[in-house]
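# Working through the structure, step by step
So you can see what is in the structure, the chains are spelled out below.
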Amino acid sequence: MIMNITEKVSYIKGLVEGMNFDTTTNEGKVISAIIDVLNDMAMEFEDIDSELDDVADIISDLEESVCDIEDIVSGYVKLTRKGKNLVGLCPFHSEKTPSCHIYSETQSFYCFGCGAGGDVITFIMKAENVDYPTALEILATRAGIAIPQDNREYQKGPSRERIREMNTAAARFFHHCLVNEPCGAQAREYIAERKLAGATVKHFYLGYAPNDFGMLRDHLRKHGFTEEEMIVGFLCGKSEKTGRAYDYFRNRVIFPIVDTSRNIVAFGGRVMDDSKPKYLNTSDTPAFKKSKNLFALNYAKDHCAEQLILCEGYMDVIALHQAGFENAVATLGTAITEEHARIIAKYTKRVIISYDSDKAGVNADNKAMRLLGAVGVEVRVLKMEGAKDPDEYIKKFGAASFKSLVEQSRTGFEYKLEAVAQKYDVSQTEQKLRAVAEIVGIISDYYSGVEREVYVMRAAEKLGVSVDALTGDVEKQRNKKLWEIKNEQTKEAHASIRDFGDRVNPDAAKNPRAAAAEETILGLLM
């Protein structure tokens, strides 16, 4: 007979209870204590068995509900039908050719590029970076299925939903302080100076965080939220001296971050003077991950099918939306990531990069072009003269002039070629060779052979070299890069095979480089 875990605990408990022992002796006291522990375990496992039954019921309900894997995955990537199944760009790694297959009959997915696969729950776990229970919760919410609440003591901290509820309460507090309270007078003056209309303030639900260490904390307490929830949600910090929670955002204009499902998931706060740091942003929480969210995408997603404008800051985006460019978004206190690029590729065909014109902005341009190009998005770059950012440009020259600037934006390659041409004096042999070497490196990164051919012709003309010579150098550089990538992959594959059966460190095969580094350090210490 095969017993489940509850039956096994009960069986052992029965054996122990059947032993003859004297409870007054030390041995008897130990056995008595063991029985108490087994009683607790039996009750715990009965609860777990009951919850597993609940989970099984929920999964069954989900399978019969509208949570079809096609509908779920199409909310993350664009799918194209291929026979009975569908294919799309994998949301879990960068690619230009679709390799993620959705199988309707088995309600599963598999990516032939990175090996990710599973059912709809697995997809949500990976796409939202959440654990199994949270993935179930997300799907159940979409399907309108109620999930029994787990009130056991070992339940992990505040849930995603609880953080969202707290963020909504905080956003109302911040907005009220800005619009109605005397403490928000300076912030109202600042917003007027930035020429933001009342309708814009309301549209983005802007707020003000009072210059006080406890006003938000006390307000949230009255609404039933705990200090632990405030700290986990990054609305409060914790004092090392007193251990008490204190307001994280103080004396700042507040920008609520809203996801595409209209949930307030985080906040950004900007100072109104030259003090540092200029911006404070919510760190990752159960409800928010910086690398998976873009400011104002909740509005822009309905206006960016043809093209999207990517900015650096909140104020640039708000100024553009106010001027009629509702397809503008910004990253949230971080450089663009591969996840951002994949999210953007889901909504648009073309991105106009509109970063600041300083050195940092130029470096950010190059990274954005590389990541967006890797997911098949056409990239163009805005060149602003007479202003450092879109907000300042619109104030100086107006929306019509900015629209003309967008229409005249250059391709990513033209932008890079111009930067190289300005960096070197190609009339001097040594600098000309440096310029050619740099442009060879740039062109060799392009996946499409047609693109490389077109860009070689353009660069050869610009730098005054022959097309054949430049083509030869580009192909040599490309072959070298491909060999290096293949060699690195082979090394990692061998390392993974070597560590696959490692029982001491079972995670070694998942990250061979880190495992090798750990072994080296341990070798030096021992």
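To start, this report covers the structure provided alongside it. Per chain, residue numbering runs from 1 following the sequence as it is written. Local features in a predicted model are, by the rule used here, given only for residues with pLDDT of at least 70; side-chain atom pairs are given and counted only at 80 or more, and totals for whole chains, interfaces and linings are based on all residues. Note: side-chain values were computed over all heavy atoms of the structure, leaving out hydrogens and water.

With that out of the way, let us pick up the packing of helix 17 (residues 412-423) against helix 18 (residues 429-443). Every axis in this analysis is a line fitted to C-alpha atoms, fitted for helices over the stretch in contact. Angles between the N-to-C directions lie between 0 and 180 degrees. Helix numbering and strand numbering both begin at the N terminus, where a helix is a DSSP run of H or I of at least 4 residues and a strand a DSSP run of E of at least 2. Interaxial distance between helix 17 and helix 18 falls to 9 Å at its minimum, and their mutual angle equals 160 degrees. Compared by their axis directions, helix 17 and helix 18 come out roughly antiparallel. Considering the relative orientation of helix 17 and helix 18, their crossing is right-handed. For the pair helix 17 and helix 18, contact is made by Phe-413, Lys-416, Leu-417, Val-420 and Lys-423 and by Gln-431, Ala-435, Glu-438, Ile-439, Ile-442 and Ile-443, respectively. In this classification, Asp, Glu, Lys and Arg are treated as charged, Ala, Val, Leu, Ile, Met, Phe, Trp, Tyr, Cys and Pro as nonpolar, and every other residue, Gly included, as polar. Each residue belonging to the contact of helix 17 with helix 18 can be placed in one class, and the counts come to seven nonpolar, one polar and three charged. By definition in this entry, angles of less than 35 degrees are roughly parallel, angles greater than 145 are roughly antiparallel, angles of 65 to 115 are roughly perpendicular, and the rest are oblique. In this scheme, a crossing is called left-handed if the near helix is turned counterclockwise away from the far one by less than a right angle; it is called right-handed if the turn is clockwise. Residue contacts are counted whenever heavy atoms from the two residues lie within 4.5 Å of one another.

A few words on the packing of helix 6 (residues 160-179) against helix 9 (residues 215-222). Orientation of helix 6 relative to helix 9, taken along the N-to-C sense of each, is 125 degrees, at an axis distance of 10 Å. For the element pair helix 6 / helix 9, the angle class is oblique. Seen along the crossing, helix 6 lies across helix 9 with a hand that is right-handed. Contacts between helix 6 and helix 9 involve Met-166, Ala-169, Ala-170, Phe-173 and Phe-174 on the former and, on the latter, Met-215, Leu-216, His-219 and Leu-220.

Moving on, we get to the pattern of salt bridges. Each reported salt bridge corresponds to a side-chain nitrogen of Lys or Arg within 4 Å of a carboxyl oxygen of Asp or Glu. Taken as a whole and judged by the stated rule, the model has 28 salt bridges. Ionic pairing is found between Arg-217 and Asp-218, a salt bridge with its closest N-O pair at 3.2 Å. Arg-217 gets classed as buried once you look at its relative accessible area, which sits at 10%. Between Lys-396 and Glu-392 there is a salt bridge, and its shortest N-O distance comes to 3.3 Å. Here Lys-396 pairs with Glu-392, and both are found in helix 15 (residues 390-397), just four residues apart, close to one helical turn. Among the charged side chains, a network of salt bridges with common partners joins Arg-217, Asp-218, Arg-221 and Glu-227. Type-normalised accessible area, obtained with a 1.4 Å probe on protein chains alone, sets the label of each residue: buried when under 20%, exposed when over 50%, and partly exposed for intermediate values.

The subject of this paragraph is the packing of aromatic side chains. Each Phe, Tyr or Trp ring, with Trp reduced to its six-membered ring, pairs with another whose centre is within 6.5 Å; inter-plane angles below 30 degrees give stacked pairs, above 60 give edge-to-face pairs, and intermediate values give tilted ones. Evaluated as defined, the whole model comprises 22 aromatic pairs. Note on Tyr-248 and Phe-249: the rings are 5.0 Å apart at their centroids and 80 degrees apart in plane angle, and the pair reads as edge-to-face. You can call Tyr-248 partly exposed: its relative accessible area is 21%. An angle of 15 degrees between the planes, with centres 4.2 Å apart, marks the rings of Phe-413 and Tyr-455 as stacked.

Attention shifts here to unusual backbone geometry. With an omega of -5 degrees, the peptide bond running from Lys-276 to Pro-277 counts as cis. Here Pro-277 shows up in the loop between strand 10 (264-270) and strand 11 (279-281). Even without being glycine, Phe-234 reaches a positive phi, approximately 65 degrees. Along the polypeptide, Phe-234 turns up in the loop between helix 10 (227-232) and strand 7 (236-238). A positive phi angle, close to 70 degrees, is found at Arg-262, a residue other than glycine. Summarising the element assignment, Arg-262 is placed in the loop between strand 9 (252-258) and strand 10.

Remember, this is a structural readout, not a statement about activity or role.
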